Amino acid sequence: MSSLVPPPPGVSAAEWQARIDLAAAYRLVARRGWDDLIYTHVSVRHPEIENAFLINRFGLRFAEVTASNLLVIDGDGKVLGDQPYRANPAGFAIHAAVHRARADANCVMHLHTDAGIAVSMLECGLLPVSQHAMRFWKSIGYHDYEGIALTPDEATRLVDRLGPHPALILRNHGTMTVGRTVAEAFVLMDTLEKACRTQLAAMAASPGGLKLPPEAVLDHTLAQLTGDWEPEGVLEWPALLRMLMREEPDFLN
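What counts and how
- Residues numbered from 1 in each chain as written.
- Predicted model: local features only at pLDDT ≥ 70, side-chain atom pairs only at ≥ 80, totals over all residues.
- Heavy atoms only, no water.
- Helix = DSSP H or I, 4+ residues; strand = E, 2+ residues; numbered from the N terminus.
- Buried < 20%, exposed > 50% of the residue type's maximum accessible area, 1.4 Å probe, protein only.
- Pairing = 2+ DSSP bridges.
- Axes fitted to C-alpha atoms, helices over the stretch in contact; angles between N-to-C directions.
- Contact = heavy atoms within 4.5 Å.
- Phe/Tyr/Trp six-rings, centres within 6.5 Å; stacked < 30°, edge-to-face > 60°.
- Parallel < 35°, antiparallel > 145°, perpendicular 65-115°, else oblique.
- Nonpolar A, V, L, I, M, F, W, Y, C, P; charged D, E, K, R; others polar.
- Expected span 1.5 Å × (residues − 1).

> Tell me about unusual backbone geometry, residues and numbers included.
The backbone phi angle of T40 is positive, close to 70 degrees, even though this residue is not glycine. Among the structural elements, T40 can be located in the loop between α1 (13–31) and β1 (41–45). Of note in this structure, W229 is not a glycine but carries a positive phi near 65 degrees. Within the secondary structure, W229 is located in the loop between α7 (215–226) and α8 (236–247). Among the residues examined, W229 registers a relative accessible area of 67% and is labelled exposed.

> So, the sheet that holds strand β5 (residues 140–143): which residues are in play, and what are the values?
Taken together, seven strands build an open sheet; the order of strands is β3-β2-β1-β4-β7-β6-β5 and the sheet is mixed. At either margin of the open sheet sits one strand with a lone partner, and together these are β3 (71–74) and β5. The mean angle between the axes of side-by-side strands here comes to 25 degrees, regardless of whether they run parallel or antiparallel. Bridge count between β1 and strand β2 (residues 52–55): two bridges; the pairing is antiparallel. Pairing of R45 across the sheet is with F53, part of β2. Against the sheet, α1 engages β1, β2, β3 and β4 (107–111), with an angle of about 165 degrees to β1. Here helix α6 (residues 182–205) sits on the sheet in contact with β1, β4, β5, β6 (167–170) and β7 (174–179), set at roughly 145 degrees to β7.

> Describe the packing of aromatic side chains, naming the residues involved and giving the relevant values.
Evaluated as defined, the whole model comprises five aromatic pairs. An angle of 55 degrees between the planes, with centres 5.5 Å apart, marks the rings of F53 and F92 as tilted. Note that F53 is positioned in strand β2 and F92 in helix α2 (residues 89–101), a separation of 39 residues in sequence. The class for F92 is buried, based on a relative accessible area of 1%. Grouped by ring-pair contacts, the aromatic residues W34, F186 and W237 constitute a single cluster.

> Can you break down the packing of α1 against α8 residue by residue, with the values?
Between α1 and α8, the shortest axis-to-axis distance is 11 Å and the interhelical angle comes to 75 degrees. It follows that α1 is roughly perpendicular to α8 by the angle criterion. Residues D21, A24, A25, R27, L28 and R31 of α1 form the contact with α8, whose participating residues are W237, L240, L241, M243, L244 and E247. Partitioning the contact of α1 with α8 into residue classes produces eight nonpolar, no polar and four charged.

> Describe in detail α1, supporting the description with residues and values.
Across its 19 residues, α1 extends 27 Å between first and last C-alpha, which sits within 8% of the 27 Å expected from 1.5 Å per residue. The first or second residue beyond α1 is G33, which carries a positive phi of 75 degrees.

This is the structure:
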């Protein structure tokens with residue numbers, strides 16, 4: 001997709017591809033109504049600069065993000081290069097902790113969706129009652145709420161609770177997914193969000209309780225969904241980019 005729009009002067013092909021993918025993720029989050037004013041983030045590891053990341057400018061709505069207005073920041077959230085703009089270092093603290101701890105976490109997506117927050121407030125958390133939720137059977141962590149600021153000690157606890165999983169529920173707060181690619185983090189979040197929404201709908205409609213499959217079936221289904229180890233989103237992402245190119249081509253600017 002990036003070959004249709006050549007990189008601007010001074011930007012490598014690898015960085016430009018990362019910028020296009022990340023800008024697309026922000027636009028897709030906005031299209032689904034998952035954004036929260038100017039808050040939350042999606043970050044991706046810079047493909048060429050060590051301990052550097054691409055992220056949105058603080059103050060932009062997700063629908064305003066483009067490939068060229070993304071910032072390059074270091075692990076502390078400090079903007080690199082001659083830029084009059086700033087990132088939100090406090091908001092990036094969660095991302096920075098995960099990027100540091102997980103070499104495979106090239107993309108980190110943290111959101112405050114209605115469904116994600118609602119499930120984060122449930123004592124039971126996410127239940128494996130839908131096929132979408134079964135993707136996270138024994139594959140999701142939980143981090144208890146400790147306040148707005150993320151201290152170094154809390155960052156350690158958060159990373160420990162994420163462990164090797166692709167997703168984390170931050171209690172009373174929101175959700176997080178991590179991916180080897182932007183596409184994988186986005187598709188995982190899409191799956192998690194649908195799992196949360198359908199669980200809430202079922203709980204509202206069925207005060208008598210929910211039907212859980214046997215544990216052996218859950219184990220089997222997870223193995224089916226994750227057996228090839230290919231990053232999720234390989235097929236879905238090009239289709240989503242084609243949609244954006246038709247309907248919101250300015251994300252490529």
